Amino acid sequence: MTEFIPRISISIGDYKGIGPEVILKTLADKVLISHSTPIILAPKSILEQYTLDLFTTLSCHFPNNSSDIKDGIVNVLDLETTLKDSDFEEKEKEHHSGKFAMKSIEAGIRLCMNNNAHALVTAPISKEAVNIAGYKIPGHTEFLASKTNTNEVLMMLVSGDLRVSLVTTHIPIRKVAQTISPELIEKKFQILAQSLKSDFGIERPKVAIFGLNPHAGDGGVIGLEEKNMITPLIQSLKKRYPEVEVNGPFPADGFFGQQLHKQYDAILAMYHDQGLAPFKLLSFGKGVNFTAGLPIIRTSPDHGTAFDIAGKGIANPSSFKEAYSLAVKLAKQRFSEP
């Protein structure tokens, strides 16, 4: 049977950061990309200007449009052919990178939604730059949901068998407790369970759910959210989702301290730093951000733009390589014929 070769679109991110460098370092690994077709969505001049030595080592095809993409080679869809300097308002001139970053993501979404690509890997963006460019968004995840008309998505960090997902994402800590509800937790749990089965091929997943408060509330002494909301919900989920083994609520510190994460296929944490701080410690810079619940596959590295080292040639591509590899794996899981 002929091997399925997925097409992987790649958004440039903020080109003033390390996005172009880690992308090109990743694509220079011929073994890594031998079973996929990369499609970089970026201004050609930016790739040449910021990473000339890396870029010239690649054999690239420059398609005129999505129907001209060639398999078995690195493709570069030149955004400069669709976005000119005159498209920018005066206040945006200094932040071309923000607009190009978002136009690149939009192009990647279109490729995936139109079945011209099988997954999207997004390089890091600067939220400040994209907001100045006119995009009032808190992050990639929310933008992707909006552009794909998806009501509810799930942010999941992946590193091998370690998968940490979040009930709430980019909101202030003071709003976390008032945002969490049994309905929201269950929605996120449903997306997580379905993704574990369909995207990762786990027939009967094991899911750990965290509490909100220190020590998971200590029986109500340090908060009542666990006693009044999270524990009753978990008991209900056990009955209504017998195909999933779900336990909790666990205190986040003790859970990782006792290595319990090794016994579960995924963790559902209540807020951003509760799940991501231990994840990033354990993933050693090789974590991947995967957005579950979208109609398209989207992954990204778990680091930011790293403006302080941009252009110095010292950026570590490990996380981006992992993001690209996971996109290929998930695309094959979803699109390969059984």
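Up top is the structure.
What counts and what doesn't
- Per chain, residues are indexed from 1 in the order of the written sequence.
- In view of the model being predicted, local features appear only for residues whose pLDDT reaches at least 70, and side-chain atom pairs are presented and counted only at 80 or more, with totals across whole chains, interfaces and linings using the full set of residues.
- Note: side-chain values were computed over all heavy atoms of the structure, leaving out hydrogens and water.
- Helix and strand assignments follow DSSP, with helices taken as H or I runs no shorter than four residues and strands as E runs no shorter than two, numbered in order from the N terminus.
- Here the globule rule reads 2.2 Å times residues to the power 0.38, and the radius of gyration is calculated from C-alpha atoms.
- The rule is simple: take the accessible area with a 1.4 Å probe, protein chains only, and divide by the maximum for that residue type; under 20% is buried, over 50% is exposed, in between is partly exposed.
- Pairs of residues are marked as contacts when any of their non-hydrogen atoms sit within 4.5 Å.
- To measure how exposed things are, a 1.4 Å probe is used in the Shrake-Rupley method; for residues, cover is taken only from the protein chains shown.
- In this tally, Asp and Glu contribute negative charge and Lys and Arg positive charge; neither His nor the terminal groups of the chain are included.
- The atom standing in for a charge is NZ when the residue is Lys, CZ when it is Arg, CG when it is Asp and CD when it is Glu.
- Here a strand pair is declared whenever DSSP counts at least two bridges between the two strands.
- Here, axes are lines fitted to C-alpha atoms. For helices the fit covers the stretch in contact, and angles between N-to-C directions go from 0 to 180 degrees.
- Each angle receives one of four descriptions, namely roughly parallel if under 35 degrees, roughly antiparallel if over 145, roughly perpendicular if within 65 to 115, and oblique otherwise.
- Crossing handedness is read from the near helix: turned anticlockwise from the far helix by less than a right angle, it gives a left-handed crossing, and turned clockwise, a right-handed one.
- In this count, Pro and Cys sit with the nonpolar residues alongside Ala, Val, Leu, Ile, Met, Phe, Trp and Tyr, while Asp, Glu, Lys and Arg are called charged and the others, Gly among them, polar.
- The disulfide criterion used throughout: a pair of cysteine sulfur atoms within 2.5 Å.
- Take a side-chain nitrogen of Lys or Arg and a carboxyl oxygen of Asp or Glu: if they are within 4 Å of each other, that pair is a salt bridge.
- Each Phe, Tyr or Trp ring (for Trp, its six-membered ring) is paired with any other whose centre lies within 6.5 Å, and the angle between the two planes then decides the class: stacked below 30 degrees, edge-to-face above 60, tilted in between.

### Looking at the overall build of the protein
Scanning the protein from N- to C-terminus turns up twelve helices and twelve strands. A globule of 338 residues ought to have a C-alpha radius of gyration of about 20 Å, and the protein, at 21 Å, matches this closely. The buried share of the protein, reckoned over its 338 residues, is 54%. Within the protein, contacts between residues at least 6 apart in sequence are counted, and of these 73% link residues at least 24 apart. Carbon and sulfur atoms make up 50% of the accessible area of the protein, which amounts to about 15200 Å² in all. Charge-centre separation for the protein: the mean point of 36 positive side chains lies 2 Å from the mean point of 37 negative side chains.

### Quick look at the sheet that holds strand β4 (residues 74-78)
The strand order across the open sheet formed by twelve strands is β3-β4-β2-β1-β5-β12-β11-β6-β7-β10-β8-β9, and the pairing between neighbours is mixed. Bordering the open sheet on either side are β3 (60-61) and β9 (245-250), each of which pairs with just one other strand. The sheet contacts of helix α6 (residues 140-147) involve β5 (119-122), β6 (154-159), β11 (288-292) and β12 (298-301), and relative to β12 the element is tilted by about 165 degrees.

### Side note on the packing of helix α4 (residues 96-113) against α6
As a packed pair, α4 and α6 sit with axes 11 Å apart at the nearest point and diverge in direction by 45 degrees. Taken together, the axes of α4 and α6 lie oblique to each other. The way α4 lies across α6 gives a crossing that is right-handed. Between α4 and α6, the contacting residues are Met102, Ile105, Glu106 and Ile109 on the first element and His140, Phe143, Leu144 and Lys147 on the second.

### So, the packing of helix α1 (residues 19-27) against helix α12 (residues 318-335)
α12 packs onto α1 with a crossing angle of 60 degrees between their chain directions and a minimal axis gap of 9 Å. Comparing their axes, α12 and α1 come out oblique. In this structure, the crossing between α1 and α12 has a hand that is right-handed. Listed contacts from α12 to Val22, Ile23, Lys25, Thr26 and Leu27 of α1 are Phe320, Lys321 and Tyr324. Across the contact of α1 with α12, the residue classes tally to five nonpolar, one polar and two charged.

### Here's the deal with the state of the cysteines
In this structure the tally under the stated criterion is zero disulfides. The thiol of cysteine 60 is unpaired, and the distance to the nearest cysteine sulfur, on cysteine 112, comes to 19 Å. Classification of cysteine 112 by relative accessible area gives buried; the value is 7%.

### Overview of the pattern of salt bridges
If charged atoms from side chains of opposite charge come close, those side chains can pair. Overall, the coordinates contain 13 salt bridges when judged by the stated rule. Close ionic contact of arginine 163 with aspartate 161 constitutes a salt bridge, the shortest N to O distance being 4.0 Å. On the basis of relative accessible area, arginine 163 is assigned to the buried category, the value being 7%. The class for aspartate 161 is exposed, based on a relative accessible area of 63%. When salt bridges with common partners are traced through the structure, they connect Lys103, Glu106 and Lys147 into a single cluster.

### So, the packing of aromatic side chains
Enumeration over the complete set of coordinates arrives at ten aromatic pairs. Taking the centre distance of 5.1 Å and the plane angle of 70 degrees together, the rings of phenylalanine 210 and phenylalanine 255 count as edge-to-face. Note that phenylalanine 210 is positioned in strand β8 (residues 206-210) and phenylalanine 255 in helix α10 (residues 252-257), a separation of 45 residues in sequence. Judged by relative accessible area, which is 0%, phenylalanine 210 ranks as buried. Ring geometry for phenylalanine 255 versus tyrosine 264: centroids 5.9 Å apart, planes at 45 degrees, classification tilted. Take phenylalanine 255 and tyrosine 264: they sit in the same class, and that class is buried.

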